[in-house]
Amino acid sequence: KLYSTNNIKYDIIVKPQGDIRQVELNYKDVNHLSVKEGNLVVETSVGNITEQKPYAFQIIKGKKVEVVCRYKLKDSNTVTYSLPNGYNTNYELIIDPTIVVCSYDNSSIYSNCTGATYDNFGNIFVLGLADAGYPITLGAFQTTCDSLFDNIITKYNSTGSVKIFTTYLGGNNYEFIQNAVVSNNEICVFGATYSPNFPITTNAYDTSYNDTMANSSDLFVFKLNLTGSSLLASTYIGGIGNDGINNVIVTGESGHIGHMVMDSQSNVYITTSTNSMDFPSTVNAYQVNKNSGVDNVAFKLNSNLQTLIYSTFFGGTNYENAYYSKLINGNELLICGTTQSTDFPTTVGVVNP
């Protein structure tokens, strides 16, 4: 399992009854491997890389049990793991997770975390919901909670030892942040709102709350500076129905849904779901009109959130949910989700048309 903190890390996961002796790490194009003070030192032509000594554990009957684990050199390019005291092969063994930061930060009554992201310097941005008792920093963009719960955005330094800012974000009803991206000296946040007075900037693409149905949501896109003190751009986008809402028939769970990515020019790409017949679509869009009760939508806003560059529905005659997206080749949006439509659009030659 490969993942990223401030550095690339990986977990070796050995399933029950698995053989740890089959795990071998082969290093190519290196000058020398050595184990010093339990750490693995990889010598290369451009400098040394140090991998911290492995930490291994098992979860046995709900409790974490540490397992003694060491690097072992098999040959000049191959590393294995040694478990001198053995381990319980009836349970999964996990080797090499690293905790970078762990800290409490909470409200007087209620708070939760809905997401997190980071910048190029390793600073940590935490997103969530909190009540009026959450500790807000001086100079924050929004210092008061305008409803029972508001969104919060908190920025920590890379070690978690300093809170750089915390701000509320919301109007007089509920909001739900889906995800955020930090790029080009701004943090861009995407989510759903039920507030007709959500903070919106002048000349935004859509300055008005679109929902006329009771308890229905609009989408919002919001850009904040990296000190948490200034609103750079903010817009609504949506129709008269629920936007960014989960299709409970497909998933069995209610909630909000969608994902956002940004390109190098800070243009914003969002994919989500809607039951609004009048969700804005652009001329010559792939699918101009909604086909079912809940369709996916994908749209692109320019960097100042004033222009809808494109927007399209995509779906069949039943229900769809869009969960995740990724920008590839600079201009292609890869989207994954679920569908109940037997006529969902597919292309020739795919695995399952």
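As the structure is a prediction and not an experimental result, all values here were calculated from the model.

Rules used throughout
Residue positions are given per chain, counting from 1 as you read along its sequence in written order. Only residues with pLDDT of at least 70 are given local features in this predicted model, and only at 80 or more are side-chain atom pairs given and counted; all residues enter the totals for whole chains, interfaces and linings. Heavy atoms throughout the structure, all of them, feed into the side-chain values; hydrogens and water do not. Points on a 1 Å grid over protein atoms alone make up a cavity when a 1.4 Å probe fits among them but cannot get out, and a pocket when they form an open set with protein on both sides within 12 Å along at least five of seven lines; lining residues each have an atom within 4 Å of a point. Grid points are joined across faces, edges and corners, and a volume is the space filled by probe spheres set on the points. Strands here are runs of E lasting at least two residues and helices are runs of H or I lasting at least four, both read from the DSSP assignment and numbered beginning at the N terminus. The classification used treats Ala, Val, Leu, Ile, Met, Phe, Trp, Tyr, Cys and Pro as nonpolar, Asp, Glu, Lys and Arg as charged, and all other residues, Gly among them, as polar. Throughout, nonpolar core names a set of buried Ala, Val, Leu, Ile, Met, Phe, Trp, Tyr and Cys residues whose side chains join them through atoms within 4.5 Å. Relative accessible area decides the class of each residue, using a 1.4 Å probe on protein chains only: under 20% of the type maximum gives buried, over 50% gives exposed, and in between gives partly exposed. Working rule for contacts: check all heavy atoms of both residues, and any pair within 4.5 Å makes them a contact. A pair of Phe, Tyr and Trp rings is counted when the ring centres sit within 6.5 Å of each other, with Trp represented by its six-membered ring. The angle between the planes then sorts it: under 30 degrees is stacked, over 60 is edge-to-face, the rest tilted. Geometrically, a charge over a ring is one whose NZ (Lys) or CZ (Arg) sits within 6 Å of the ring centre while staying within 35 degrees of the ring normal. Salt bridge, as used here, is a side-chain nitrogen of Lys or Arg placed within 4 Å of a carboxyl oxygen of Asp or Glu. When DSSP finds at least two bridges between two strands, those strands are taken to pair. Think of each axis as a best-fit line through the C-alpha atoms, taken over the contacting stretch in the case of a helix, with angles from 0 to 180 degrees between the N-to-C directions.

**As for the layout of surface pockets**
By rolling a water-sized probe across the atoms, one finds the places where empty space is left.
No. 1: Volume-wise, the second largest pocket comes out at about 380 Å³.
No. 2: Together, 15 residues line the second largest pocket, and Asn296, Phe314, Ile335, Phe344 and Pro345 are the ones closest to its centre.
No. 3: Listed by contribution, the elements that provide at least two residues to the lining of the second largest pocket are strand E24 (308–314) and strand E26 (332–339).
No. 4: Each residue belonging to the lining of the second largest pocket can be placed in one class, and the counts come to nine nonpolar, six polar and no charged.

**Concerning the nonpolar core**
No. 1: Ranked by internal contacts, the top residues of the largest apolar core, which has 21 residues, are Ile12, Ile20, Tyr27, Tyr81, Leu93 and Ile95.
No. 2: Looking at this core, the elements with two or more residues in it are strand E3 (12–14), strand E6 (39–44), strand E11 (78–82) and strand E12 (93–95).
No. 3: In contact with Tyr81, other than residues within four places in its own chain, are Tyr10, Ile12, Ile20, Val23, Leu25, Pro54, Cys69, Arg70, Tyr71 and Ile95.
No. 4: Of all hydrophobic cores here, the second largest spans 18 residues; its members include Val181, Phe190, Ala233 and Leu308.

**Here's the deal with the packing of aromatic side chains**
No. 1: Inspection of every chain in the model, using the stated rule, returns 10 aromatic pairs.
No. 2: Relative to Phe313, the ring of Phe279 lies with its centre 6.4 Å away and its plane at 70 degrees, an arrangement referred to as edge-to-face. Of this pair, Phe279 sits in the loop between strand E22 (268–274) and strand E23 (295–301) while Phe313 sits in strand E24, and the two are 34 residues apart along the sequence.
No. 3: Through a chain of ring-to-ring contacts, three or more aromatic side chains come together here, namely Phe141, Phe198, Tyr209, Phe220, Phe222 and Tyr236.
No. 4: Positioned above the aromatic ring of Phe57, the side-chain terminus of Lys64 is 4.7 Å from the ring centre.

**Overview of the pattern of salt bridges**
One side chain can pair with another of opposite charge once the charged atoms of both are near each other.
No. 1: Going through the model one piece at a time under the given rule, you end up with four salt bridges.
No. 2: Salt-bridge contacts for Arg21 lead to Asp19; the nearest nitrogen and oxygen are separated by 3.0 Å.
No. 3: Since its relative accessible area comes to 68%, Arg21 is described here as exposed.

**Let's talk about the sheet that holds strand E20 (residues 231–237)**
No. 1: What the four strands build is an open sheet, ordered E17-E18-E19-E20; its pairing is antiparallel. Because the sheet does not close on itself, it has two edges, and the strands there are strand E17 (175–183) and E20. Strand-to-strand twist of the sheet, defined as the mean angle between neighbouring strand axes without regard to direction, takes the value 15 degrees.
No. 2: In this sheet, strand E18 (residues 186–193) lies alongside E17 in antiparallel orientation, the contact comprising eight bridges. Bridge assignment links Val181 to a residue of E18, and that residue is Cys188.

**Comments concerning unusual backbone geometry**
No. 1: The backbone phi angle of Asn185 is positive, close to 65 degrees, even though this residue is not glycine.
No. 2: By the element assignment, Asn185 lies in the loop between E17 and E18.
No. 3: A relative accessible area of 64% means that Asn185 is categorised as exposed.
No. 4: Here the phi dihedral of Asn203 falls at roughly 70 degrees; this positive angle occurs in a residue that is not glycine.
No. 5: For Asn203, the position within the fold is in the loop between E18 and strand E19 (218–225).

**Observations concerning the pairing of E23**
No. 1: Among the seven residues in E23, seven count as buried, and that is most of the element.
No. 2: Residues of E23 alternate between two faces, with Asp295, Val297, Phe299 and Leu301 on one and Asn296, Ala298 and Lys300 on the opposite face, all of them buried.
No. 3: Note: E22 against E23, seven bridges, orientation antiparallel. Bridge pairing links Val268 to Leu301 in E23.
No. 4: Here E23 pairs with E24 via six bridges, running antiparallel. Looking across to E24, one finds that Ala298 is bridged to Thr312.
No. 5: Hairpin geometry of E23 and E24 is characterised by an intervening segment of six residues between the two adjacent antiparallel strands and by a positive phi of about 60 degrees at Leu305.

**Structural notes on the pairing of E17**
No. 1: Most of E17 is tucked away: eight of the nine residues are buried.
No. 2: Hairpin connection, E17 to E18: the antiparallel pair is bridged by two residues, and Asn184 has positive phi, about 50 degrees.

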